[in-house]
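# Breakdown of the fold
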Amino acid sequence: MNKILYYPIVLLFFLCSSCGNFLEEYSQNSSYVESVDDLEELLLGEVYMKRNVNQLTSDGALLYLHVMADESREMPIPSRVTSGIELQAWLQMFGFFTYAENPFVNSIGTARADRDWALFYRRISVINSILIAAPDYVSDDEEIEAQRLRVTGECYYLRAWNYFMLANLYGAAYDKQNPNDGASVTLKLDPAVEDTKFGRANSGRVYEQIVEDLKSAIGLLEKGSVVDSKVHVTVAAANALLSRVYLYMEQYDLAVKAADAVKGYALYDMVNAYTPGSGTTFLTDAQPEVIYAQGNYGMNYIHTGTGALNGNTPTASCYSYVVSDELERLFDDNDARYSAFFTRSYDVEHLVCRKYHPLLQTAIAETDPITGTKVSPVISGQDLNEIGSVRYAEVVLNKAEAQACAGDAGATETIRQFLQTRYYTIPAIPASKGELIEFIRQERYKELCFEGHRWFDLRRYAVNTVHPQAIAVEHVWHTATQTEATVAGSYILKGYDNTTKGSWMLPVPEDVINYCYPVLSNFDRLSGVTKK
């Protein structure tokens, strides 16, 4: 069967790049589809994250997630100015770090477009088109039919993931006590072009769809063909994401069930398998904990550290970010992750995240936090996007937290098994329910740092009905020139609640708001921010 499959720009306002004459900016792409192979090619080319993160502002990189929570702090070393990129990290991330009304405005007042909103909905648009077309390619050929089922299953997973990211970036936190909040993102499940205005869906409805899509993905992937590649979504990946979603929804029994359904993976025994000072790169697709890998690594654009060589002399990128004091205090020499996840940069003064070492030059003047020796990266496998990928350690932590919140005594054993792979001497595990929950959440903070979880976790902890934690974040900021950096003050983001939630959400792009006014609006971005 031959047919024209119309895709990405199906929801006009989602993909509008400026106000102007809105309808004149509409364009429609098409792809001539003749087979399931064509559907798969469309999925791989238009929906999966591309390996295109090559700067701070790359489309879809979402690197601002690494500076909004309590993981990073500014690191001024003006005496190290060596090239023209020293101010880049501070310049581009200023609005996110200081919780500005428009976070896409940089430190000198120049605004850039938020292209991530449009990218998420463009992917969803392609997925919706493929899902509509897929039934037309049912085949009596077992191999082709198995491929069709797999491709369809991958589509459902990817739609769930894109809506999960949209909901947690641009919408309110899922609140079990208030699922009908009208405060999430627009839900669009068909590819039809609609010249209409769309508002925010309820968080409960969006999460309901995410769960439904992940269940569909699991059922189809179980029947479909298997691709021996971590680049493709698998049943394990779908169950892993489902365990996360159920944890957010406080459906703890289901979160545990989904976590237990992740088969064929085990925790990496870092204590016995990782040698401090070896420089072995942790986060690649060769890491046995990695379940699903898409895109390429971007974190090193935030923690630039020693950036390159000037002849044989290591140079440093100034005005970058480093590990926050709050996070650094949680690590010591008893924790194997201290070496596996970090190096000390800038003459061993500051801790930087190095879950992946991208270049030899990056580590030449950096040292191992445990051994104090200079580190040169040893890479096995290919890097992956730290935000869009999934690894088994999260699954175990999802399960442990769900068990603890449900009052299940099994939480202690789950977290103990995790700890024995990370600590040379296992720390004491709290006995009380509240302390155990906080202990597990702290391990999650440490283990999943700089993988895109912390900002979302701080939001959900605040609305949790079992053990709420409304955690505030303080960011000290500096004014800077090419030769001097001075502490200018700090911005304090109050803990998430119904009055401050706008500060914990990215604003929907202004052109979208203008087109959909009055049914779509943003919440007050400054409601939870104090400057001192």
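The rules behind these values
Residues numbered from 1 in each chain as written. Predicted model: local features only at pLDDT ≥ 70, side-chain atom pairs only at ≥ 80, totals over all residues. Heavy atoms only, no water. Helix = DSSP H or I, 4+ residues; strand = E, 2+ residues; numbered from the N terminus. Buried < 20%, exposed > 50% of the residue type's maximum accessible area, 1.4 Å probe, protein only. Contact = heavy atoms within 4.5 Å. Pairing = 2+ DSSP bridges. Axes fitted to C-alpha atoms, helices over the stretch in contact; angles between N-to-C directions. Parallel < 35°, antiparallel > 145°, perpendicular 65-115°, else oblique. Core = buried A, V, L, I, M, F, W, Y, C linked by side-chain atoms within 4.5 Å. Salt bridge = Lys/Arg side-chain N within 4 Å of Asp/Glu carboxyl O.

Our next topic: the side chain of Asn168. As for its placement among the helices and strands, Asn168 is situated in helix H5 (residues 142-170). You can call Asn168 buried: its relative accessible area is 2%. Residues in contact with Asn168, not counting those within four places in the same chain, are Tyr207, Tyr248, Trp455, Phe456 and Arg459.

It is worth spelling out the sheet that holds strand S11 (residues 473-480) at this point. The three strands are arranged S11-S12-S13 in an open sheet whose pairing can be described as antiparallel. Lying at the two open borders of the sheet, with one neighbouring strand each, are S11 and strand S13 (529-531). Taking each pair of neighbouring strands and ignoring which way they run, the sheet shows an average axis angle of 30 degrees. Bridge count between strand S12 (residues 485-493) and S13: three bridges; the pairing is antiparallel. Pairing of Tyr491 across the sheet is with Lys531, part of S13. Against the sheet, helix H3 (residues 88-97) makes contact with S11 and S12, and its axis sits at roughly 145 degrees relative to S11, the strand it touches most.

What follows concerns the packing of helix H1 (residues 36-46) against helix H4 (residues 116-133). Remark: H1 packs on H4, axes separated minimally by 10 Å, with the N-to-C direction vectors making an angle of 170 degrees. In terms of their interaxial angle, H1 and H4 are classed as roughly antiparallel. Contacts between H1 and H4 involve Leu39, Leu42, Leu43 and Glu46 from the former and Arg123, Val126, Ile130 and Ala133 from the latter.

Attention shifts here to the nonpolar core. With 153 residues, the main nonpolar core has Tyr64, Leu65, Tyr157 and Phe342 as its most contacted residues. Looking at which element gives the most residues to this core, the answer is H5, with 13 residues. Contacts of Phe342, omitting those with residues within four sequence positions, involve Val323, Phe331, Arg337, Leu351, Val352, Cys353, Arg354, Pro369, Cys449 and Phe450.

All right, on to unusual backbone geometry then. Here the amide bond leading from Tyr517 into Pro518 is cis, since omega sits at 5 degrees, within 30 degrees of zero. For Pro518, the position within the fold is in the loop between helix H17 (510-516) and S13. Unlike most non-glycine residues, Glu250 shows phi in positive territory, near 65 degrees. Along the chain, the position of Glu250 falls in the loop between helix H7 (235-248) and helix H8 (252-260). Even without glycine at this site, Phe450 takes up a positive phi of about 60 degrees. Looking at the secondary structure, you find Phe450 in the loop between helix H15 (433-447) and helix H16 (454-463).

Bringing the pattern of salt bridges into the picture now. Once the charged atoms of two side chains with opposite charge are near each other, the side chains can pair. Tallied over the full model, the rule gives 31 salt bridges. For Lys446, the salt bridge is made with Asp335, and the minimal N-O distance between the two is 2.9 Å. Residue Lys446 is located in helix H15, and its partner Asp335 is located in the loop between helix H10 (325-328) and helix H11 (337-341); the two are separated by 111 residues in the primary sequence. For Lys446, a relative accessible area of 2% corresponds to the buried category. A residue is classified by how much of its surface remains accessible, and Asp335, at 0% relative accessible area, is buried. The structure contains a network of salt bridges with shared partners spanning Glu289, Asp335, Arg337, Lys355, Arg391, Arg422, Glu443, Lys446, Glu447 and Glu451.

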